[in-house]
Amino acid sequence: MTLLCVMPLAALAENVSVSTPHNTIVLDINKGQEPQFVYYGPRMSDAVVSAMPRPTGGHLEAYPAYGYHVHDITALSIRHADGNLSTDLKVIGWDIKNASVTAPNGKTAPVQTLTINMQDAVYGTQVKLYYMAYQDVDIIETWTEIANTDKAVGKSLTKNSTIALSQFASCMLPIRRGNVYLSHQHGGHNSEARLFEEPLVRGEKVIKNTDGTRGAHLDRCEVMFSLDGPAKELSGDVIGAALLYSGNYRLRIDTDDTDWHYFSAGINEDNSEYHLRKGEIFETPHVALSFSQEGLSGVSRQYHRWGRQYQMANGDKLRSILLNSWEGVYLDIKEPEMDQMMADIKSMGGELFVMDDGWFGRKYRRVNDDCALGDWIVDNNKLPNGVEGLLKSAKKHGIRFGIWIEPEMTNLRAELYDAHPDWVIKSPQRDLRPGRGGTQLVLDLGNPKVQDFVFSVVDNLMTAYGPDSKLIKEHGDEYEPLTYIKWDANMEVLNAGSQYQSMDNQSHLYIDYHRGLESVLRRIRAKYPDLTIQNCASGGGRVGWRPMPWFDEYWTSDCTDALQRIYIQWGTSYFMPALGMACHISASPNHQTHRRVSLKFRTDVAMSGRLGMEIQPKNMTDEEKAQCQQAIRDYKTMRSVVQMGNLYRLQSPYPGHANVSPYSGRNLASLMYVSDDQKQAAFFWWKLEMFQHEHLPKVKMAGLDPDKMYTIHEMNRIDRHPLAFEGKAYSGAYLMQVGLDIPYSHDIDEETDWSSRVLWLEAQ
Ligand code: GLA
């Protein structure tokens, strides 16, 4: 320690960096000292990196541990076996490796990884701090491994060699103070991902989840920091941070009297102290960081690209247009209706039908939502010819078939619960407090037997009906295979307590639940890589990057009201790409808000993500069906650009938020997707409310090639007369610098409280 005080700091600096194509992070690493954060921002050359001075005005330890000389803003806190609460980590070595790694979705990723090895000089606890920079996308992942390598010190280890982790953040990122604004998404069932933006002020800002099962319920574990004033969509320096975890989490920004904000992210430690036996290693979830000088949309594009490439199952494949039965018939599943819905979606150009909740239950029939979860046996009263009958219909109509399950749950009234009451999450000695329907319970996924069961739910369905099943192998000309599963999770953890964990490890419940979930999902993906799986949890309760390596898409929200969906989808698009964003055309009046919205508007909103329908087509008029048929046809033209393109959010629907125009949030929302080669683009424009003599801003496009000429075609057209610019060509420069004047209403007498336009741009 004396040495530290005597030597000038500059002489000690040994800057080490890893870089993505456009980002660099720099650490100052010296043996025998704590690693220090130096820089995170635009990519810098080696020469600049080596000359970078150690920043001043803050406490910049890269992974501060509690108790020895840090007491306030910490990332790690350990109770050693002798009860000592302090930890003192010093660097014992580091290295940088360039390698190809297998990304979570199974794809191979070129990365450069910095590993910093640290050790507690007295106890021997080892911590590895990682920074993994992708070489082809602008994401750096950071995380730690904490190992119980403690040696006998004083009274420790003689009886008990277990250490207890009471704080275990994945990272600590200092952010230089200035005029930093935080953008984050808040909102629960039916109003997910509402966007909030606020300046960072003194004190502690915490965003967290304690739901137990649905990690994205209420607040999302992803944030953006706009470094130079209120957030802008298309310009400005922005840092994005996404925690890759599906369970209880905590994001924290501490702002004290120094020149820095301190951002840390990780598992929520509340009621989750974790005990590590001698030799055990605890790996924290990764945090994916991204920096862009192109504003909030720039950061979003970087997450979308990385996500499609490395974090999402089948992220390189386009998604099908589907009809889901939920809002059409709810639990009232019947074979003739299923057949009719399949015929209808096929006739409108759809490609997939998904039978939602209500198809199962033998002793307890799923006629209400108060029983039968866990009893994944077809209800023959509703489906006399079983799933086979439906697969036959699907084959007849020439569409894919999918099915809903909620495999992590059971009910008090379920055969599964009758047989395995010990499998549910339950506090010792207390009566059960059930959830949805007054009887729902959560299975304890920390229990390997439960994991096997949950795996078997999918495995049994696929063995019976999947592409490799006997049924399909022998009668594939008669039956369509099951190729899609909607995986739901509709309850939080009540009854906190585990019948599986030991008395000492009750606090492992939440963490082991999500480890168990991941292990099941991993097994499913390994066996069924081509199965399409939708991530649903009471709507968007699990929307986030962590579960996505095992899911192809996510149910954005149970709220299908087109007006509210603009806000939900806007917030969701901050981190999640349109490829997985399930957006369904539903009935009017809407079932959640009871708002009446024209079919044109409903369609134009749903087309900006992964288009689907959630409606009883039997109740639609022929005209409406024809309109949807046209929309589906148009969507197929634009699909690859919407699902795989680069997103530019142009005009925010949120009042006062992140607008490129001074008319912030006034009755207009607009965004566009541009293909990588800038030859095609899909432009969406939604007017949000109707006022006479209102004056809406003219939206300037973005992301186009200024020198290319783009021909404009309106999609989903309902107007009698074509738009003034229909079929005409304009340079990218004109469209981006001037923009097009879009009429505020349609020229037909329809409900056009909210009008909308979808334009398709093709370079000549
Ligand atoms: C959840 C889902 C819905 C639907 C119902 C079925 O609420 O979000 O889409 O599947 O469950 O019970």
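See the structure shown above.
So, a few notes on the structure that sits alongside this text. Because the structure is a prediction, the values reported are computed rather than measured.

## Examining the overall build of the protein chain
- The helix and strand inventory of the protein chain stands at 15 helices and 35 strands.
- Computed over the C-alpha atoms, the radius of gyration of the protein chain is 27 Å, within 12% of the 27 Å expected from 2.2 N^0.38 for a compact globule of 764 residues.
- Each of the three principal axes of the protein chain carries a C-alpha extent, and together these read 85 × 65 × 45 Å.
- Buried positions account for 64% of the 764 residues belonging to the protein chain.
- Carbon and sulfur atoms provide 49% of the accessible area of the protein chain, an area that totals close to 27,700 Å².
- Distance between charge centroids for the protein chain: 1 Å, based on 78 positive and 96 negative side chains.

## Quick notes on the environment of R546
- Mapped onto the fold, R546 is located in the loop between β26 (532-535) and β27 (553-555).
- Sequence separation between R546 and A394 is 152 residues, and the spatial gap between their C-alpha atoms is 32 Å.
- Apart from the residues within four sequence positions on either side, R546 is in contact with P104, L244, Y245, S246, E518 and R522.
- Separated by 2.8 Å, the side chains of R546 and E518 make a polar contact.

## A few points about the nonpolar core
- Grouped together as the largest cluster of nonpolar side chains are 140 residues, with contacts concentrated most on W359 and W487.
- Looking at this core element by element, the count peaks at nine residues for helix α9 (residues 448-465).
- When near neighbours in sequence (up to four residues on either side) are disregarded, W359 contacts I333, W376, I377, V378, D379, L383, I403, W404, I405 and L461.
- V18, I29, L114 and A133 belong to the second largest nonpolar core, which has 60 residues in total.

## Thoughts on helix α12 (residues 562-572)
- Among the eleven residues in α12, nine count as buried, and that is most of the element.
- Every buried residue of α12 is listed here: A562, L563, R565, I566, I568, Q569, W570, G571 and T572.
- The residue sitting at the N-terminus of α12 and contributing the capping side-chain oxygen is D561; that oxygen lies 3.1 Å from the backbone nitrogen of L563.

## What to know about the side chain of S469
- Within the secondary structure, S469 is located in the loop between α9 and α10 (470-475).
- One polar contact links the side chain of S469 to the main-chain carbonyl oxygen of G466, over a distance of 2.6 Å.
- Those residues within four positions of S469 in sequence are excluded, and the remaining contacts are M462, T463 and A464.

## Things to note about the site of the ligand
- In the region of the ligand, 13 residues are neighbours, and D356, D357, K486, G539 and D558 sit closest.
- Between the ligand and K486, the relevant distance is 2.8 Å, taken from an oxygen atom to a side-chain nitrogen or oxygen of the residue.
- G539 has a polar backbone atom sitting 2.9 Å from an oxygen atom of the ligand.
- For the ligand, whose accessible area on its own is 310 Å², the fraction buried by protein is 96%.
- Across the shell around the ligand, the residue classes tally to four nonpolar, three polar and six charged.

## Details of unusual backbone geometry
- Cis geometry is found at the peptide bond from S588 to P589, where omega equals 0°.
- In this model, N495 sits at a positive phi of 60°, which is unusual for a non-glycine residue.
- Examined against the element boundaries, N495 turns out to sit in the loop between β25 (482-487) and α11 (509-527).
- Positive phi, normally seen in glycine, also occurs at H594, with a value near 65°.
- Structurally, H594 can be placed in the loop between β28 (581-586) and α13 (599-606).
- Residue H594 is classed as exposed on the basis of its relative accessible area of 59%.

The rules we used
- Residues numbered from 1 in each chain as written.
- Predicted model: local features only at pLDDT ≥ 70, side-chain atom pairs only at ≥ 80, totals over all residues.
- Heavy atoms only, no water.
- Helix = DSSP H or I, 4+ residues; strand = E, 2+ residues; numbered from the N terminus.
- Rg over C-alpha atoms; globule rule 2.2 N^0.38 Å.
- Buried < 20%, exposed > 50% of the residue type's maximum accessible area, 1.4 Å probe, protein only.
- Areas by Shrake-Rupley, 256 points an atom, 1.4 Å probe, with all protein chains shown as cover.
- Lys, Arg positive; Asp, Glu negative; His and termini not counted.
- Charge placed at Lys NZ, Arg CZ, Asp CG, Glu CD.
- Contact = heavy atoms within 4.5 Å.
- Polar contact = N/O pair within 3.5 Å; in protein donor to acceptor, adjacent residues only side chain to side chain.
- Core = buried A, V, L, I, M, F, W, Y, C linked by side-chain atoms within 4.5 Å.
- Near = heavy atom within 4 Å.
- Nonpolar A, V, L, I, M, F, W, Y, C, P; charged D, E, K, R; others polar.

Keep in mind these numbers describe shape, not what the thing actually does.
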